[in-house]
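Single-letter residue listing:
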Amino acid sequence: RRPTKTTIKMAASNDEAATTTWQESIAELQSLLDTSLEDNRDANLQLSSICSTILDSDDTSSSSSPPEAVLKAVRTIYLRVLLNLGEYSKVVEFATNNNTLEVAYALYRLRKYDACRKLIVSSTSNDDTNNNTTDEDGNSSTDRVLMHIHAQTLYRMGETNEADEIYSKILSSKEGDAMDADEREDTLSNALANRIAN
């Protein structure tokens, strides 16, 4: 049975069906997001189910359906959950033009390096890096992550000189200073591996 416009059927934690409005579902979704999901398969599966239910209930003709901004956020969350679950093919199939980062990462993980490179090059030339988040200095973490995926893709394709140029840009003062310690360490490790392969 397809959910009605104002309600969504979701499996509660005790396997009973619970009827909630999409607004309540968003609150539950946010609560799950606040937990560490990367290594928690059960939480990711639950979050995937909630996102899927919200997205399946989308009826743009209904005044009770979630606003487009909410649906966009839920789509992005859903794609990131699919990435956490290793469902890279589903990410590529489900994504829209607004999810360059998620699709690029999925293509990279699927070892579709040429498609990944083309996507990143076209998105940066069109300035289509959506879901951009900026830090207090105005640096875009999405741009930085896309650059890192691009450099790794080039490295995997044996184009180490080009990858080296990108790593140099990432580690330059403005981009490099915006990274946290773990991201900086990861980037430096990859840049060093690329330089050695060069």
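The structure this text deals with has already been given above.
So, a few notes on the structure that sits alongside this text. (Residues numbered from 1 in each chain as written. Predicted model: local features only at pLDDT ≥ 70, side-chain atom pairs only at ≥ 80, totals over all residues. Heavy atoms only, no water.)

## Focus on the packing of aromatic side chains
The full count for this structure, using the stated rule, is 3 aromatic pairs. Pairing Tyr88 with Tyr105 gives two aromatic rings, centres 6.3 Å apart and planes at 75°, and the pair type is edge-to-face. Linking Tyr88 in helix H4 (residues 88-94) with Tyr105 in helix H5 (residues 100-109), this pair joins segments that are 17 residues apart in sequence. For Tyr88, a relative accessible area of 14% translates into the label buried. (Phe/Tyr/Trp six-rings, centres within 6.5 Å; stacked < 30°, edge-to-face > 60°. Helix = DSSP H or I, 4+ residues; strand = E, 2+ residues; numbered from the N terminus. Buried < 20%, exposed > 50% of the residue type's maximum accessible area, 1.4 Å probe, protein only.)

## Concerning helix H8 (residues 160-170)
Taken together, the buried positions of H8 are Thr160, Ala163, Asp164, Ile166, Tyr167 and Ile170. What you see down the axis of H8 is that its buried residues fit within an arc of 165°, all on one side. Exposed residues pointing more than 90 degrees away from the buried face of H8 are listed as Glu165 and Lys169. (Arc of directions from axis to C-beta.)

## Side note on the nonpolar core
Leu29, Cys51, Cys116 and Ile149 are the most contacted members of the largest nonpolar core, which has 29 residues in total. When contributions to this core are tallied by element, the ones reaching two or more residues are helix H2 (41-56), helix H3 (68-84), H4, H5, helix H6 (113-125) and helix H7 (141-156). The element that contributes the greatest number of residues to this core is H3, accounting for 8 residues. Contact partners of Cys116, with chain neighbours within four places excluded, come to Ala104, Leu107, Tyr108, Ile149 and Thr153. (Core = buried A, V, L, I, M, F, W, Y, C linked by side-chain atoms within 4.5 Å. Contact = heavy atoms within 4.5 Å.)

## What to know about the environment of Val81
Within the secondary structure, Val81 is located in helix H3. By relative accessible area, Val81 is classed as buried at 2%. Separated by 36 residues in sequence, Val81 and Leu45 place their C-alpha atoms 8.0 Å apart. With near-sequence residues (within four places) excluded, Val81 lies in contact with Asn44, Leu47 and Ser48.

## A closer look at H5
The element H5 is extensively covered by neighbouring structure, given that 8 of its 10 residues are classed as buried. Buried within H5 we find Thr100, Leu101, Glu102, Val103, Ala104, Ala106, Leu107 and Tyr108. Residues of H5 that are buried sit in contact with H3, H4, H6 and H7. Phi for Arg111, located one or two positions after H5, is positive at around 65°.

## Concerning the environment of Asn198
Its location among the elements puts Asn198 in the segment after helix H10 (181-197). Measuring from C-alpha to C-alpha, the distance between Asn198 and Gly158 comes to 8.8 Å, with 40 residues separating the pair along the chain. If near-sequence neighbours (up to four positions away) are discounted, Asn198 is found in contact with Thr160, Asn161 and Asp164.

## A short note on a negative patch on the surface
Residues Asp180, Asp182, Glu185 and Asp186 make up a contiguous surface patch of negative charge. Positionally, Asp180 belongs in the loop between helix H9 (173-177) and H10. (Patch = residues over 30% accessible without salt bridge, like charges linked within 9 Å, V, L, I, M, F, W, Y side chains within 5 Å. Areas by Shrake-Rupley, 256 points an atom, 1.4 Å probe, with all protein chains shown as cover. Salt bridge = Lys/Arg side-chain N within 4 Å of Asp/Glu carboxyl O. Lys, Arg positive; Asp, Glu negative; His and termini not counted. Charge placed at Lys NZ, Arg CZ, Asp CG, Glu CD.)

## So, the pattern of salt bridges
Working definition: two side chains of opposite charge can pair if their charged atoms are close together. Counted under the stated rule, the structure contains 8 salt bridges. Across the pair Arg117 and Glu159 runs a salt bridge, and its minimum N-O distance is 2.8 Å. With Arg117 in helix H6 and Glu159 in the loop between H7 and H8, this pair connects stretches of sequence that are 42 residues apart. Since its relative accessible area comes to 22%, Glu159 is described here as partly exposed. Residue Asp164 pairs with Arg195 through a salt bridge whose shortest N-O separation is 2.9 Å. A residue pair is termed long-range when its members are at least 10 positions apart, and Asp164 in helix H8 and Arg195 in helix H10 qualify at 31 residues. Connected via shared salt-bridge partners are Asp114, Arg117, Lys118 and Glu159.

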